[in-house]
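So you can see what is in the structure, the chains are spelled out below.
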Amino acid sequence: MKEHIEELLIQALLHLIREGILSAECDIVPQLERTRTPDHGEFASNIAMVLAKRAGKPPQELAQAIIDKLPHSRQLKHAKIAGPGFINFYMNQVALTTVVKDILYYGDSYGHLPADPEHEVTVEFVSANPTGPLHVGHGRGAAYGASLASILQAAGYVVQREYYVNDNGRQMDILAVSVWLRYLELCGEHLRFPENGYRGDYIYNIARVVRKEVGDKWRFKGADILDHLPPDEADGGNRETHIDALIERARKFLGNAGYPVFFETSVNSILTDIQKDLSDFGVKFDHWFSEKELEDSGAIEHAIARLEENGHLYKKDGATWFRASKLGDEKDRVVIRENGRTTYFASDIAYFLNKMERGFEKAVYIFGADHHGYMARLRAAATGLGEDPDRLEILLVQFAVLFRDGQKVAMSTRSGQFITLRELREEVGSDAARFFYVMRSHEQHLDFDLDLAKSRTNENPVYYIQYAHARICSVFRNLEQMDETHNPAIGEAALNLLTEPNEIKLLRALSRYPEIIESCARLRAPHQLAHYLQALATEFHAYYNSEQFLVDDENIRNVRLNLILAARIVLANGLALLGISAPESM
RNA sequence: GCGCCCGUAGCUCAGUAGGAUAGAGCACUAGAUUCCUAAUCUAGGGGUCACAGGUUCGAAUCCUGUCGGGCGCGCCA
């Protein structure tokens, strides 16, 4: 419907240009927006005000000239000037009811565009290190990323969902050592746990698994292990050097036979857990991208060589630096450390280059807000590689703070004092969690009210939307019990009978859906879909309360069933994009 | 100190490629059920869009500054 009006406007403008009333530079794509009140019709355009200066005419006069040249359309009732020079478009009833026909015809794909191979993007999100279970902070990134990926797909993009698995860094070594130490503890050795180690019960769980498989095979005396080790922070030393030394001890004692046992078991066990967790949350990935494989493939050397070729590297203090400060970053960054190992940042650069070489139009990154410092350096890297930095898009997701009984729930990551995503899901349910995470703009801090998310009352927007869907399903069940059937053909022939105010409002809401999808995709804003679904549910509930659907008149009955079936389809489509179920009864 | 995000109704938030009278939910008040699920609906009050300037036909939206809140500034990941 909107496109149709846009087309009429363009025709009118071209007409005026041809007649010489407007100059060629007035050939612009007109802005058309939904009106706030039905008094102003369905759509409004500010084109006359925008062009007034260039045309050398007062906006109102220009508006009238445009209206006079609008091609005839059976959908358009009339257009008229309003306010300072708006053109308001009033639609015929037939234009509004066509949407029902469209929805029943297209079904699941109503409002969605077919996949266009010209627009292939990768969306990378979560990418939490496999050093522990996902917590509620990751949850927001997961919910946002998954919803955004689905919406982009609905908007016609080919989307690759990727999780970058950091399975090769020093943190992995720390994890392996943490497990080994807990394992020794289970064997009966007494060692003090390093400050920098990973705490949390899951470490014990992994240690238990290892011990079950290998028994006391990798047990050594605690005193031997700690002999002449640099002191931990609490003893006046440094936590980093202490843990690094511990890693070396682990390698030495366990050797090539034992160390990988702890390392692999730890990573695999946690990764498997994360995958299960996300899957239960309705978050699916197309590609679990291993950093280890990236490194083994030589991609890091390849990327560093590219930076070298382009003259962006230099040596200082034994390390190799990337001259990021010349490319918009605040300082230069190390890519190869003094000890010869590449940095995490070097892997990031290689991964980005890999994405470009796989031919994606765009690489979308979803980061937690605490990673915003990465934006400048990644962009610098893109430029340094000779790639177009506009193909790199970084979206920041702000923090979520949990509230219970009106109180902030305190959390700190390292100490193991955090609420896991799994616990959240078990407490409030996956549907409510998914909705609450995306109901606010991703760039807004989120207050997550646990009590509200759990409540099965009218305060909870998730149930409000789902209830609308369930109610429609219920109407159709009642129809069956009455030994009647829905005849969509009769309904379609009777579309002109949809004239009640709440029917018109519902039709209007349904016709907005394609525009919402387009807008959500363009602005990377799934929360708009959440708000839309709430508004759509409101229109449906109002309709439900004001009119009877299962009436004797078969024309009215069938056309109303067509309408609410259309509403059910759009509700289900929208909820699916947000990863929320559409229950048939509640 | 420097950088990024934010400041809109009592609370939580929409609205930012500039548009008409700034919206919604919750909370509060008063109503609706011989009828398809009351997890629903109807009506009502409630605002210096943090503050001060600027840009223009028009600013919550763009620019500058001030105040307030969050986060980040490692050869960590």
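Since the structure is predicted, the reported quantities are computational estimates derived from the model, not experimental observations.

1. Thoughts on the overall build of chain A
For step 1, the next point in the chain: Per the secondary structure count, chain A includes 21 helices and 15 strands.
For step 2, the next point in the chain: When its C-alpha atoms are laid out on the principal axes, chain A stretches across 90 × 65 × 40 Å.
For step 3, the next point in the chain: Counting the 586 residues in chain A, one finds 51% classified as buried.
For step 4, the next point in the chain: In chain A, 72% of the contacts between residues at least 6 apart in sequence involve partners at least 24 apart.
For step 5, the next point in the chain: When the accessible area of chain A is evaluated, it comes to approximately 27,000 Å², of which 48% is carbon and sulfur surface.
For step 6, the next point in the chain: Mean positive and mean negative side-chain charge positions of chain A (65 and 83 charges, respectively) differ by 3 Å.

2. Quick word on the sheet that holds strand 8 (residues 313–316)
For step 1, the next point in the chain: Across the sheet, which stays open at both edges, the three strands sit in the order 8-9-10 with antiparallel pairing between neighbours. One side of each edge strand has no neighbouring strand; the edge strands of this open sheet are strand 8 and strand 10 (333–336). Taking the axes of each pair of neighbouring strands and ignoring which way they run, one obtains an average angle of 45° across the sheet.

3. Some details on the sheet that holds strand 11 (residues 362–368)
For step 1, the next point in the chain: One open sheet accounts for five strands, arranged 7-6-5-11-12; its pairing is parallel. Both outer strands of the open sheet, strand 7 (287–290) and strand 12 (392–397), are each paired with one neighbouring strand and no more. Recorded for the sheet is a direction-independent mean angle of 25° between the axes of neighbouring strands.
For step 2, the next point in the chain: Packed on one face of the sheet, helix 9 (residues 239–280) meets strand 6 (158–165) and strand 7 and runs near 155° to strand 7.

4. Structural notes on the packing of aromatic side chains
For step 1, the next point in the chain: By the definition in use, this model includes 25 aromatic pairs.
For step 2, the next point in the chain: Arranged with centres 6.4 Å apart and planes meeting at 70°, the rings of Trp180 and Phe220 form a pair that is edge-to-face. Here Trp180, found in helix 6 (residues 170–187), pairs with Phe220, found in the loop between helix 7 (201–214) and helix 8 (222–226); they are 40 residues apart in sequence, far enough to count as distant.
For step 3, the next point in the chain: Arranged with centres 5.8 Å apart and planes meeting at 40°, the rings of Tyr513 and Tyr532 form a pair that is tilted. Taken together, the positions of Tyr513 in helix 19 (residues 501–523) and Tyr532 in helix 20 (residues 527–546) put the pair 19 residues apart, joining distant regions of the chain. Each of the two residues, Tyr513 as well as Tyr532, counts as buried.

5. A few points about the pairing of strand 4 (residues 86–91)
For step 1, the next point in the chain: Counting buried positions along strand 4 gives five out of six residues, so the element sits mostly inside the fold.
For step 2, the next point in the chain: Pairing of strand 2 (residues 43–45) with strand 4, which is carried by three bridges, proceeds in the antiparallel orientation. Its bridge partner lying in strand 4, Phe43 is registered against Phe89.
For step 3, the next point in the chain: Summarising the sheet, strand 3 (residues 76–82) and strand 4 pair through six bridges and their orientation is antiparallel. Paired with Ala79 across the strands is Phe89, a residue of strand 4.

6. Some words on the domain arrangement of chain A
In many analyses, interface size is given as the accessible surface area lost on bringing the parts together.
For step 1, the next point in the chain: Taken domain by domain, chain A comprises domain 1 (2–91) and domain 2 (461–577).
For step 2, the next point in the chain: Each of domain 1 and domain 2 has a C-alpha centre, and the two are 32 Å apart.
For step 3, the next point in the chain: Counting from both sides, the interface comprises five residues of domain 1 and, opposite them, four residues of domain 2.
For step 4, the next point in the chain: Approximately 380 Å² of surface area, both sides summed, lies buried where domain 1 meets domain 2, with 36% of it carried by carbon and sulfur atoms.
For step 5, the next point in the chain: The largest share of the area that domain 1 buries against domain 2 comes from Lys2, Arg34 and Glu42, three residues that together contribute 86% of it.
For step 6, the next point in the chain: Counting every contact that joins domain 1 to domain 2 gives two salt bridges.

7. What to know about empty space enclosed by the protein
For step 1, the next point in the chain: On inspection of all chains with the given rule, the structure shows one cavity of 30 Å³ or more.
For step 2, the next point in the chain: Lining the largest cavity are Arg140, Tyr144, Val397, Tyr437, Val438, Arg440, Ser441, His442, Pro526 and His527.
For step 3, the next point in the chain: If you list the elements that add at least two residues to the lining of the largest cavity, you get helix 5 (136–154) and helix 15 (430–438).
For step 4, the next point in the chain: Here the lining of the largest cavity is built from residues that sort into five nonpolar, three polar and two charged.

8. Some points on helix 7
For step 1, the next point in the chain: The terminal C-alpha atoms of helix 7, which comprises 14 residues, lie 20 Å apart, in line with the 20 Å expected from a rise of 1.5 Å per residue.
For step 2, the next point in the chain: Among all positions of helix 7, only Tyr202, Ile203, Ile206, Ala207 and Val210 are buried. The buried residues of helix 7 occupy an angular sector of 145° when the element is viewed end-on, so they sit on one face. Along helix 7, exposed side chains directed more than 90 degrees from the buried face belong to Asp201 and Lys212.
For step 3, the next point in the chain: Buried residues along helix 7 sit in contact with helix 6 and helix 9.

9. Quick notes on the packing of helix 20 against helix 21 (residues 554–577)
To describe two helices that pack against each other, one gives the angle between their axes and the distance between the axes.
For step 1, the next point in the chain: Two elements in contact, helix 20 and helix 21, have axes whose closest approach is 10 Å; the angle formed by their N-to-C orientations is 155°. On the basis of the axis angle, helix 20 is roughly antiparallel to helix 21. Considering how the two elements wind past one another, helix 20 and helix 21 form a crossing that is left-handed. Every residue of helix 21 that contacts helix 20 at Leu529, Tyr532, Leu533, Leu536, Ala537, Phe540 and Tyr543 is listed here: Arg560, Leu563, Ile564, Val570, Leu571, Gly574, Leu575 and Leu577.
For step 2, the next point in the chain: When grouped by side-chain class, the residues that make up the contact of helix 20 with helix 21 number 13 nonpolar, one polar and one charged.

10. Overview of a negative patch on the surface
For step 1, the next point in the chain: Taken together, the side chains of Glu293, Glu295, Asp296 and Glu301 define an acidic patch exposed on the protein surface.
For step 2, the next point in the chain: Assignment of secondary structure puts Glu301 in helix 11 (residues 299–309).
For step 3, the next point in the chain: When its relative accessible area of 52% is taken as the criterion, Glu301 is described as exposed.

11. Examining the layout of surface pockets
Rolled over the atoms, a probe with the dimensions of a water molecule shows which regions are left empty.
For step 1, the next point in the chain: Here the second largest pocket is characterised by a volume of approximately 1,400 Å³.
For step 2, the next point in the chain: Lining the second largest pocket we find 41 residues, and of these Lys2, Ser511, Arg512, Pro514 and Glu515 sit closest to its centre.
For step 3, the next point in the chain: For the lining of the second largest pocket, the secondary structure elements donating two or more residues are helix 1 (2–18), strand 1 (32–34), helix 4 (93–106) and helix 19.
For step 4, the next point in the chain: Per-element tally for the lining of the second largest pocket: the top contributor is helix 19, with 11 residues.
For step 5, the next point in the chain: Partitioning the lining of the second largest pocket into residue classes produces 17 nonpolar, 11 polar and 13 charged.
For step 6, the next point in the chain: Of the residues that make up the lining of the second largest pocket, three or more belong to each of domain 1 (2–91) and domain 2 (461–577).

12. Comments concerning the environment of Lys217
For step 1, the next point in the chain: Looking at where Lys217 falls in the secondary structure, it is placed in the loop between helix 7 and helix 8.
For step 2, the next point in the chain: With 37 residues separating them along the chain, Lys217 and Leu254 place their C-alpha atoms 9.8 Å apart.

13. With respect to unusual backbone geometry
For step 1, the next point in the chain: Its identity as a non-glycine residue notwithstanding, Val126 has a phi of 60°, on the positive side.
For step 2, the next point in the chain: Position of Val126 among the secondary structure elements: in the loop between strand 5 (120–124) and helix 5.
For step 3, the next point in the chain: Of note, Asp483 is a non-glycine position whose phi angle comes to about 60°, a positive value.
For step 4, the next point in the chain: Inspection of the secondary structure assignment puts Asp483 in the loop between helix 17 (461–481) and helix 18 (488–493).

So, how was this worked out
- Residues numbered from 1 in each chain as written.
- Chains lettered and ligands numbered in written order.
- Predicted model: local features only at pLDDT ≥ 70, side-chain atom pairs only at ≥ 80, totals over all residues.
- Heavy atoms only, no water.
- Helix = DSSP H or I, 4+ residues; strand = E, 2+ residues; numbered from the N terminus.
- Buried < 20%, exposed > 50% of the residue type's maximum accessible area, 1.4 Å probe, protein only.
- Contact = heavy atoms within 4.5 Å.
- Areas by Shrake-Rupley, 256 points an atom, 1.4 Å probe, with all protein chains shown as cover.
- Lys, Arg positive; Asp, Glu negative; His and termini not counted.
- Charge placed at Lys NZ, Arg CZ, Asp CG, Glu CD.
- Pairing = 2+ DSSP bridges.
- Axes fitted to C-alpha atoms, helices over the stretch in contact; angles between N-to-C directions.
- Phe/Tyr/Trp six-rings, centres within 6.5 Å; stacked < 30°, edge-to-face > 60°.
- Domains from an automatic or database assignment.
- Buried area = accessible area lost by both parts, 1.4 Å probe.
- Salt bridge = Lys/Arg side-chain N within 4 Å of Asp/Glu carboxyl O.
- 1 Å grid on protein atoms, 1.4 Å probe; cavity = no way out; pocket = protein on both sides within 12 Å on 5 of 7 lines; lining within 4 Å.
- Points joined across faces, edges and corners; volume = space filled by probe spheres on them.
- Nonpolar A, V, L, I, M, F, W, Y, C, P; charged D, E, K, R; others polar.
- Expected span 1.5 Å × (residues − 1).
- Arc of directions from axis to C-beta.
- Parallel < 35°, antiparallel > 145°, perpendicular 65-115°, else oblique.
- Left-handed = near helix turned anticlockwise from the far one by under 90°.
- Patch = residues over 30% accessible without salt bridge, like charges linked within 9 Å, V, L, I, M, F, W, Y side chains within 5 Å.

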